[in-house]
Amino acid sequence: MEKLKILVVDDESRMRKLVKDFLVKAGYDVIEAGDGEQAVDTFYAQKDIALIILDVMMPKMDGYQVAREVRAKRCTTSILMLTAKSAVEDRIYGLNSGADYYLTKPFDTRELLACVGALLRRQGNQVDELSLGNTALELATCNLVCGEKKVRLSAKEFDVMRFLLRSRGAILSKEAILAKVWGYDSNAVENNVEVYVGFLPKKLASIGSNVLINSVRRMGYQLEVKEGC
């Protein structure tokens, strides 16, 4: 069976080797990068990287910049930030930059491997797409698909639709969508949410989807499947 490929990014060679050795022992294929720019170049050159383990304080591009670059260009690769910056504000900033998890140094190798395993399980077939009714959202391509028809979503449309689909029919407030998609430190306002949610019904209709986005007064938005479809 082909090994899952992990990109380890840290400007300290000893830390890279430490992390690499643990991961190789655990059965992963590991690629290294010594700074942020090299990390981005390597990521785009290697199309099958399943996980990025990313230091924050690095020359040329820091970890936050790398995470934002990856999230701007690609949809699903998991990012684990591994850094000595342990303040709550740093963790929040890292997560809002696109990280899936934030682990502080020094770390227990058992916790590192547990985090890696948990994040990689998200990359399995069970999460290649999110579906509701007759419609699926392909996480790797950002396409909404219904039968033979598909439509590509913009990055923000994708993030909003993914959050709605993962809510499993729960009502999501504009504040929750704003925080999840734009981040707590963004200058975006609730009108941004309204605009991007407003784009989605036309795209759903264009592929014959039976999924509706209901606006629940004073509460937010909720997905449901159109009756009779």
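Above this text sits the structure in question.
Everything quoted here is computed from the prediction, not taken from an experiment. (Residues numbered from 1 in each chain as written. Predicted model: local features only at pLDDT ≥ 70, side-chain atom pairs only at ≥ 80, totals over all residues. Heavy atoms only, no water.)

Enquirer: Got a minute to help me understand the overall build of the chain in this structure?
Expert: Looking only at helices and strands, the chain features eight helices and 11 strands. In summary, the chain has a C-alpha radius of gyration of 19 Å against a globular reference of 17 Å for 229 residues, a match within 12%. In terms of overall dimensions, the chain has C-alpha extents of about 60 × 40 × 30 Å along its principal axes. Scored against the burial criterion, the 229 residues of the chain give a buried share of 44%. (Helix = DSSP H or I, 4+ residues; strand = E, 2+ residues; numbered from the N terminus. Rg over C-alpha atoms; globule rule 2.2 N^0.38 Å. Buried < 20%, exposed > 50% of the residue type's maximum accessible area, 1.4 Å probe, protein only.)

Enquirer: Looking at this structure, I do not really get the side chain of Glu157. What am I missing?
Expert: Tracing the backbone shows Glu157 in helix H6 (residues 155-166). Looking at Glu157, its side chain comes within polar contact range of the side chain of Lys203, at 2.8 Å. Setting aside anything within four residues of it in sequence, one finds Glu157 in contact with Arg152, Tyr196, Phe199, Leu200 and Lys203. (Polar contact = N/O pair within 3.5 Å; in protein donor to acceptor, adjacent residues only side chain to side chain. Contact = heavy atoms within 4.5 Å.)

Enquirer: Please explain the packing of H6 against helix H7 (residues 174-182) as it appears in this structure.
Expert: The description of two packed helices rests on the angle between their axes and on the distance between the axes. Two numbers describe how H6 lies on H7: the axes approach to 10 Å, and their chain directions differ by 125 degrees. By the angle between their axes, H6 is oblique relative to H7. By crossing handedness, the relation of H6 to H7 is classed as right-handed. Across the interface between the two elements, Lys156, Asp159, Val160, Phe163 and Leu164 from H6 touch Ala176, Ile177, Lys180, Val181 and Trp182 from H7. Among the residues forming the contact of H6 with H7, the class breakdown is seven nonpolar, no polar and three charged. (Axes fitted to C-alpha atoms, helices over the stretch in contact; angles between N-to-C directions. Parallel < 35°, antiparallel > 145°, perpendicular 65-115°, else oblique. Left-handed = near helix turned anticlockwise from the far one by under 90°. Nonpolar A, V, L, I, M, F, W, Y, C, P; charged D, E, K, R; others polar.)

Enquirer: Would you mind showing me how to read the environment of Lys149 here?
Expert: Tracing the sequence through the fold places Lys149 in strand E9 (residues 149-152). The spatial distance from the C-alpha of Lys149 to the C-alpha of Thr135 is 9.8 Å, given a sequence separation of 14 residues. Apart from residues no more than four positions distant in its own chain, Lys149 is found in contact with Leu144, Ser206 and Ile207.

Enquirer: Teacher, can you tell me more about the sheet that holds strand E2 (residues 29-33) here?
Expert: Strands pair in a sheet through their backbones, by hydrogen bonds, and they do so in one of two ways: parallel or antiparallel. The strand order across the open sheet built from five strands is E2-E1-E3-E4-E5, with neighbouring strands paired in parallel fashion. Where the open sheet ends on each side, the last strands, each with one partner, are E2 and strand E5 (101-104). The sheet shows a mean angle of 20 degrees between the axes of neighbouring strands, taken without regard to direction. In the sheet, strand E4 (residues 78-83) pairs with E5 via four bridges, with the strands oriented parallel. Bridge pairing in E5 places Thr83 opposite Thr104. (Pairing = 2+ DSSP bridges.)

Enquirer: What's the story with the packing of aromatic side chains in this structure? I'm lost.
Expert: Note on aromatic pairs: each is described by the distance of the centres and the angle between the planes. Inspection of every chain in the model, using the stated rule, returns four aromatic pairs. Here the aromatic rings of Tyr196 and Phe199 are separated by 5.5 Å at their centres, their planes lie at 80 degrees, and the arrangement is edge-to-face. Here the residue Tyr196 and the residue Phe199 both occupy positions in helix H8 (residues 190-206), the gap between them amounting to three residues, near one helical turn. Each member of the aromatic cluster is reached from another via a ring pair, and the members are Trp182, Tyr196 and Phe199. (Phe/Tyr/Trp six-rings, centres within 6.5 Å; stacked < 30°, edge-to-face > 60°.)

Enquirer: Explain unusual backbone geometry here, please?
Expert: Note: most peptide bonds trans; most residues except glycine with negative phi. Omega for the peptide link from Lys105 to Pro106 comes to -5 degrees, which places this bond in the cis form. Here Pro106 shows up in the loop between E5 and helix H5 (109-121). Positive phi is not limited to glycine here, since Cys142 has a value of about 65 degrees. Structurally, Cys142 can be placed in the loop between strand E7 (135-138) and strand E8 (143-146). Given a relative accessible area of 5%, Cys142 falls into the buried group. At Arg218, a residue that is not glycine, the phi angle is positive and equals roughly 65 degrees. When its relative accessible area of 80% is taken as the criterion, Arg218 is described as exposed.

Enquirer: I keep staring at helix H1 (residues 13-25) and nothing clicks. Help me out?
Expert: Note: α-helices contain 3.6 residues per turn, so residues at a spacing of three or four share the same orientation. Here H1 contains 13 residues, and its C-alpha end-to-end distance of 18 Å stays within 8% of the 18 Å for a straight helix at 1.5 Å per residue. Looking at the buried residues of H1, the elements they touch are strand E1 (5-9), E2, strand E3 (49-54), E4 and H5. In the stretch just after H1, Gly27 is the one whose phi turns positive, near 100 degrees. (Expected span 1.5 Å × (residues − 1).)

Enquirer: What exactly am I supposed to notice about the pattern of salt bridges here?
Expert: Two side chains bearing opposite charge may form a pair once their charged atoms approach each other closely. Under the criterion given, the structure shown has 12 salt bridges. For Glu32, the salt bridge goes to Lys20, with nearest N and O atoms at 3.2 Å. With a gap of 12 residues between them, Glu32 in strand E2 and Lys20 in helix H1 connect regions that are remote in the sequence. Taking the relative accessible area as the measure of exposure, Glu32 reaches 29% and is therefore partly exposed. The exposure class of Lys20 is partly exposed, given its relative accessible area of 27%. Between Asp100 and Arg71 there is a salt bridge; the shortest N-O distance is 2.9 Å. Taken as a pair, Asp100 in the loop between helix H4 (88-97) and E5 and Arg71 in helix H3 (residues 63-73) lie far apart in primary sequence, 29 residues in all. A relative accessible area of 27% means that Asp100 is categorised as partly exposed. Ionic contacts of the salt-bridge type, sharing partners, join the residues Asp10, Asp55 and Lys105 into one network. (Salt bridge = Lys/Arg side-chain N within 4 Å of Asp/Glu carboxyl O.)

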